[in-house]
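Below, each chain spelled out in residue letters.
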Amino acid sequence: MLNVKYQCGLRGKEFETTLPTGKNKLKDLKRAISEDIRVKPHLLTIYQNEKVLENENEIINSLEFYQVNVIPELKQYKFLIVNEGGKYFECNLEEYDLLQDLLDQFDEFLKQICKEQYDTYELYQIKPNQQMTEIQYEQNRNSIIGEIFKDTDIQIQFRLVHEILTLGLLDSSDNRKDIEINRNKTLLDLKELIRPNLVNFKIIINGKFPAQDFDERLIKDVFQHNDTIFIIQVHEQEK
């Protein structure tokens, strides 16, 4: 067994911890000390002869004396993230975590819980006075949590953004009307929106036949903004 003596500045007295025999490394010493004094390993700084040891794989010598400093406990941030429909999740981060860490958890939440298509989302912080402030997350992904949020108990509201396309519709009599449709809908959804009872008809987009008939392709993969659709009825048959 390897007995290592150390002094912890936070506790103000000398300690001794025991490590298994073999080539024990700095990370092993940190883990043992953290268990002794119940402080997380990443909050420990180990000194030897006033030199900070930074290499986690550095071999520990039982003949040396180690000084341990404890970083003050990091501030904890609690997040409650909700939408207007009542779906929500909670998470906790430390002040030196990045906003990106929060966004990663949020993205995972959207994949697992909000199983719907969307183009992007908006995030708003709800202040204690119910004032809402938009979080500019794209510009602040690499900013630390402690720089962005002043309160530690935080409520955030998210809104999924669905981009809408406006398409001009011309029938065989040159009657025109504009229709709006979510760009993540399919061509079959478009067909139902135009003429739900028609089983067989074709479309021309800006004077050209598309490469496919109505199918499961997404609107955004076929149309651009302000496209005009010309409807050609092959034959009409009631469902």
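Rules behind the numbers
- Residues numbered from 1 in each chain as written.
- Predicted model: local features only at pLDDT ≥ 70, side-chain atom pairs only at ≥ 80, totals over all residues.
- Heavy atoms only, no water.
- Pairing = 2+ DSSP bridges.
- Helix = DSSP H or I, 4+ residues; strand = E, 2+ residues; numbered from the N terminus.
- Axes fitted to C-alpha atoms, helices over the stretch in contact; angles between N-to-C directions.
- Contact = heavy atoms within 4.5 Å.
- Salt bridge = Lys/Arg side-chain N within 4 Å of Asp/Glu carboxyl O.
- Buried < 20%, exposed > 50% of the residue type's maximum accessible area, 1.4 Å probe, protein only.
- Expected span 1.5 Å × (residues − 1).
- Phe/Tyr/Trp six-rings, centres within 6.5 Å; stacked < 30°, edge-to-face > 60°.
- Arc of directions from axis to C-beta.
- pLDDT = per-residue confidence, 0-100.

Chemist: What is the right way to look at the sheet that holds strand β7 (residues 88–94) in this model?
Modeler: Paired through backbone hydrogen bonds, the strands of a sheet run either parallel or antiparallel to each other. Spatially, five strands are ordered β7-β6-β10-β8-β9 in an open sheet, and the strand pairing comes out mixed. Looking at strand neighbours, the two that pair on one side only are β7 and β9 (132–134), the edges of this open sheet. Pairs of neighbouring strands in the sheet enclose a mean axial angle of 30°, with direction left out of account. Bridging between strand β6 (residues 76–82) and β7 involves seven bridges; their strand directions are antiparallel. Following the sheet pairing, Y77 is matched in β7 by L93. Contacting β6, β7, β8 (120–126) and β10 (153–161), helix α2 (residues 99–112) crosses the sheet at an angle of about 160° to β7.

Chemist: Honestly, the pattern of salt bridges in this entry has me stumped. Any pointers?
Modeler: Should the charged atoms of two oppositely charged side chains come close, the side chains can pair. A complete count under the given rule lists five salt bridges for this structure. A salt bridge links K30 to E56, with the nearest nitrogen and oxygen atoms 3.2 Å apart. Within this pair, whereas K30 is found in helix α1 (residues 26–37), its partner E56 is found in the loop between β4 (51–52) and β5 (65–70), the two being separated by 26 residues in sequence. Note that R141 and E138 form a salt bridge whose closest N and O atoms lie 3.2 Å from each other. What makes E138 exposed here is its relative accessible area of 52%.

Chemist: Even after reading the chapter, I still don't get α1, so can you show me in this structure?
Modeler: An α-helical turn contains 3.6 residues, so any two residues separated by three or four positions project in the same direction. The first and last C-alpha atoms of α1 sit 16 Å apart over 12 residues, in line with the 16 Å expected at 1.5 Å per residue. Along α1, the residues that are buried comprise L26, L29, K30, A32, I33, S34 and I37. At the C-terminal side of α1, R38 shows a positive phi close to 55°.

Chemist: What exactly am I supposed to notice about the packing of aromatic side chains here?
Modeler: The relation between two aromatic rings is expressed through the spacing of the ring centres and the mutual angle of the planes. Applying the stated criterion across every chain, the model contains seven aromatic pairs. Arranged with centres 4.6 Å apart and planes meeting at 90°, the rings of F106 and Y121 form a pair that is edge-to-face. With F106 in helix α2 and Y121 in strand β8, the pair connects residues that are 15 residues apart, well separated along the chain. The class of F106 is buried, set by a relative accessible area of 1%. Of the residues examined, Y121 reaches a relative accessible area of 8% and is grouped as buried. Pairing Y121 with Y137 gives two aromatic rings, centres 5.0 Å apart and planes at 25°, and the pair type is stacked.

Chemist: What exactly am I supposed to notice about the side chain of T186 here?
Modeler: Note on placement: T186 falls in the loop between β12 (176–182) and α4 (187–194). Residue classification places T186 among the buried positions, given a relative accessible area of 12%. Beyond its immediate stretch of four places on either side in the chain, T186 contacts D215, E216, R217, L218 and I219.

Chemist: Would you mind showing me how to read unusual backbone geometry here?
Modeler: For residues besides glycine, phi is generally negative; the peptide bonds are generally trans as well. If you check the backbone angles, Q130 has positive phi at about 75° while not being a glycine. As for its placement among the helices and strands, Q130 is situated in the loop between β8 and β9.

Chemist: Explain α2 here, please?
Modeler: Between the first and last C-alpha of α2 there are 20 Å, a value that for 14 residues agrees with the 20 Å anticipated at 1.5 Å per step. The complete set of buried residues in α2 reads L99, L102, L103, F106, F109 and L110. Projected down its long axis, α2 shows its buried positions confined to an angular sector of 115°, all on one face. The inward-facing, buried residues of α2 contact β6, β7, β8, α3 (145–148) and β10.

Chemist: Mind showing me how you'd approach the confidence of the model for the protein chain here?
Modeler: Low-confidence regions, as indicated by low pLDDT, have predicted coordinates that should not be scrutinised in detail. For the protein chain, the mean per-residue pLDDT works out to 78, and 78% of the residues sit at or above 70. Of all secondary-structure elements in the protein chain, the lowest mean pLDDT belongs to strand β1 (residues 2–8), at 61, while β6 reaches the highest, 93. Low confidence marks residues 235–239, where pLDDT is under 50. Its contacts with residues over four positions away, or in another chain, come to 12 contacts.

Chemist: Honestly, the pairing of strand β3 (residues 44–48) in this entry has me stumped. Any pointers?
Modeler: Residues in a regular strand point their side chains to alternate faces of the sheet. By the alternation rule, side chains of β3 split into L44, I46 and Q48, which are all buried, and T45 and Y47, of which none is buried. Two elements, β3 and β5, share four bridges in a ladder whose sense is antiparallel. Across the sheet, residue Y47 finds its bridge partner in β5, namely Q67. When β3 meets β4, the two strands line up antiparallel, connected through two bridges. Looking at the pairing, Q48 lines up with K51 of β4. Taking the residues between adjacent antiparallel strands as the criterion, β3 and β4 are bridged by two residues, where N49 takes a positive phi near 55°.

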